[in-house]
Amino acid sequence: MGALVTKVQKYLDVIKKRNKDLNIFLHVNENILDEAKALEGKKTKGALWGTVVAVKSNINVQGMITNCASKVLENYVAPYDATVIQKLKQADALLIGMVTMDEFAAGGSGENSAFGPTKNPLLPELVPGGSSSGSAAAVAAGMCDVALGSDTGGSIRTPASHCGIVGMKPSYGAVSRYGLIDLSMSLDQIGPLGNTVQEVQKVFEVIQGVDAADPTTIAYPALSKKGGSLKVGVVTIAGVAPVIQKLIDARVAALVTRHGWTVKKISIDSLDLAVATYYPLVYSEFYSATRRFDGARYGKPFVEYAGKEALRRMYGGQEITQAEFAGKYYQKALGVKQVIAASFNDAFKNVDCIVLPTCPGLPWKLGEGTKMPLEAVYAYDACTIPANLAGCCAISLPAGESKGVPVGLQLMCAQGEDMKLLEIAQKCAL
Ligand code: GLN
């Protein structure tokens, strides 16, 4: 048995041993050992040769169940590969299977999956964060090398932070969304999660790029233009727990000393409105996205089979859309989104990157999210939503622990500066 087959077998063994308890995989690729054997004999090796990838269940992988962790799409087998999947396969990556998530990516804890909540592999009594709960948990549990997630308002960065790993949300337009089942098409991006910045970067480099099948993709520079000493902007967000802010401040101070960077506090216009701006956009766009789930072409009728949060967003989006002739909500939200984006653009004229916590608090106990007031659950995205509204790239990095619970540091760079973001992130490793 070659080294690659041995590695794959090791991952399959961990899945066999721990998946029942942790609830991460919804579908395991039963051909993966054969595929690994075939790769071992390959003479010219692709950029991701033998990299074992877990895929969030809202990204179409031909022949695999792509159900968005929803009863609406329960047995839906994808008939084609998303562009990112085609690229991974061309680069000789191995797909180990489909992992769970908050239903239709609507959630931040991993508790909204129709197939049960996922446990945090590091601290099983806590949530892993969501909505890419399975993606982060699969990496943290040692079930794959890396994973793909999607991030609309924090869904890659939040679980990466709670599971003590690295998770990157690329700039809007950097990675094709063709084959991603959307939550909110103007905000969603696919991105990688992994144990190190290097691994995340390798995957990003393969999946990024303009795609004729996704007209929202943009050609961004392939190289970082960064040189000289770094200027770091620090943004403070209302509602961040003091323990988290202290830890982040200490990390920033240590990095500044280590690298000789300069830091300054910056403020972004209307940042306090980010959460209130995000939800009307997501509700409306999700309502539109659900129109195809009518029980005829795809899956089962949405209203009968969707879970509580997905239904709330669908009905809420319907209300907003119907009231929209007066330009009441969606139009207004778009206006604030533009103000926030413009303010970030201005800020990035003076700083190379912005640092802030990934999450305002520590992961809560499994099951607690369903009892919390909705406002509190939504407010938990306050640190991650701004990057989506502004189209910026952002990454969450392990920044230490508070009483044994991982805390994430978030770096943001201007839209299109993904390579610069990764270069800075390399320098921030603990
Ligand atoms: N938690 C946020 C929400 O519920 C983010 C979701 C996401 O990024 N997909 O919408």
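Everything here concerns the structure above.
Residues numbered from 1 in each chain as written. Predicted model: local features only at pLDDT ≥ 70, side-chain atom pairs only at ≥ 80, totals over all residues. Heavy atoms only, no water.

(A) View of the overall build of the protein. In terms of regular secondary structure, the protein is built from 14 helices and 11 strands. By principal-axis analysis of the C-alpha atoms, the protein measures approximately 55 × 55 × 45 Å. Across the protein, the fraction of contacts at a sequence separation of at least 24, relative to all contacts at a separation of at least 6, is 77%. Of the roughly 16,700 Å² of accessible surface on the protein, 55% is carried by carbon and sulfur atoms. Across the protein, the mean location of the 43 positive side-chain charges is 4 Å away from that of the 39 negative side-chain charges. (Helix = DSSP H or I, 4+ residues; strand = E, 2+ residues; numbered from the N terminus. Contact = heavy atoms within 4.5 Å. Areas by Shrake-Rupley, 256 points an atom, 1.4 Å probe, with all protein chains shown as cover. Lys, Arg positive; Asp, Glu negative; His and termini not counted. Charge placed at Lys NZ, Arg CZ, Asp CG, Glu CD.)

(B) Examining the pairing of strand β8 (residues 262–265) more closely. Sheet topology note: the strand β7 (residues 231–234)/β8 ladder contains 4 bridges and is parallel. Counterpart to V232 in the pairing with β8 is V263. Tracing the backbone out of β7, into helix α7 (residues 242–259) and back to the parallel element β8 gives a crossover that is right-handed. (Pairing = 2+ DSSP bridges. Right-handed = clockwise from strand over helix to strand, strands pointing away.)

(C) Representation of the side chain of R177 in the model. Tracing the chain through its elements places R177 in the loop between β5 (166–169) and β6 (189–194). On the basis of relative accessible area, R177 is assigned to the buried category, the value being 13%. Every residue in contact with R177, bar those within four places of it in the chain, is listed here: Y172, D182, M185, D188, Q189, D214 and T216. (Buried < 20%, exposed > 50% of the residue type's maximum accessible area, 1.4 Å probe, protein only.)

(D) Here's a closer look at the packing of aromatic side chains. Summed over the entire model, instances satisfying the criterion amount to 11 aromatic pairs. An angle of 85 degrees between the planes, with centres 4.7 Å apart, marks the rings of Y278 and Y279 as edge-to-face. According to the relative accessible area criterion, Y278 is buried, its value standing at 4%. The exposure class assigned to Y279 is buried, which follows from its relative accessible area of 8%. With a centroid separation of 6.3 Å and an interplanar angle of 90 degrees, the aromatic rings of Y279 and Y283 are classed as edge-to-face. Of the two residues, Y279 and Y283 are both situated in helix α8 (residues 274–290); the distance of 4 residues between them amounts to about one turn of the helix. With respect to class, Y279 is no different from Y283; both count as buried. Among the aromatic residues, ring-to-ring pairing joins F104, F286, F293 and F302 into one connected group. The ring of W49 has K45 sitting right over it, with the charged end atom 4.8 Å from the ring centre. (Phe/Tyr/Trp six-rings, centres within 6.5 Å; stacked < 30°, edge-to-face > 60°. Lys NZ or Arg CZ within 6 Å of the ring centre and 35° of its normal.)

(E) Highlighting the pattern of salt bridges. Considering all chains together, one arrives at 13 salt bridges under this definition. Here D21 ties to K119 by a salt bridge, and the two come within 2.5 Å at their closest N and O atoms. In this pair, D21 is assigned in helix α1 (residues 3–22) and K119 in the loop between β3 (94–99) and α4 (133–140), connecting sequence segments 98 residues apart. Residue classification places K119 among the partly exposed positions, given a relative accessible area of 24%. Close ionic contact of E417 with K420 constitutes a salt bridge, the shortest N to O distance being 3.2 Å. Under the relative-accessibility criterion, E417 is labelled partly exposed at 26%. (Salt bridge = Lys/Arg side-chain N within 4 Å of Asp/Glu carboxyl O.)

(F) Local environment of the site of the ligand. Around the ligand, a shell composed of 15 residues is seen, among which T152, G153, S155, Y278 and R313 lie nearest. Residue G154 places a main-chain N or O atom 3.3 Å away from an oxygen atom belonging to the ligand. When the free accessible area of the ligand is taken as 290 Å², the share hidden by the protein chains comes to 98%. Of the residues assigned to the shell around the ligand, the class counts are 5 nonpolar, 7 polar and 3 charged. (Near = heavy atom within 4 Å. Polar contact = N/O pair within 3.5 Å; in protein donor to acceptor, adjacent residues only side chain to side chain. Nonpolar A, V, L, I, M, F, W, Y, C, P; charged D, E, K, R; others polar.)

(G) Inspection of the packing of α1 against helix α2 (residues 32–40) at higher detail. In the contact formed by α1 and α2, the axes pass within 8 Å of each other and the chain directions differ by 160 degrees. In terms of axis orientation, α1 runs roughly antiparallel to α2. At the point where α1 passes α2, the crossing takes the right-handed sense. Contacts between α1 and α2 involve A3, L4, V5, V8, Q9 and L12 from the first element and I32, L33, A36, K37, L39 and E40 from the second. Counted by class, the contact of α1 with α2 contains 9 nonpolar, 1 polar and 2 charged residues. (Axes fitted to C-alpha atoms, helices over the stretch in contact; angles between N-to-C directions. Parallel < 35°, antiparallel > 145°, perpendicular 65-115°, else oblique. Left-handed = near helix turned anticlockwise from the far one by under 90°.)

(H) Representation of the environment of I320. Tracing the sequence through the fold places I320 in helix α10 (residues 308–322). Since its relative accessible area comes to 11%, I320 is described here as buried. Residues I320 and I96 lie 224 residues apart in sequence; the distance between their C-alpha atoms is 40 Å. For I320, the residues in contact, after removing those within four places along its chain, are P280, Y283, S284, Y329 and Y330.

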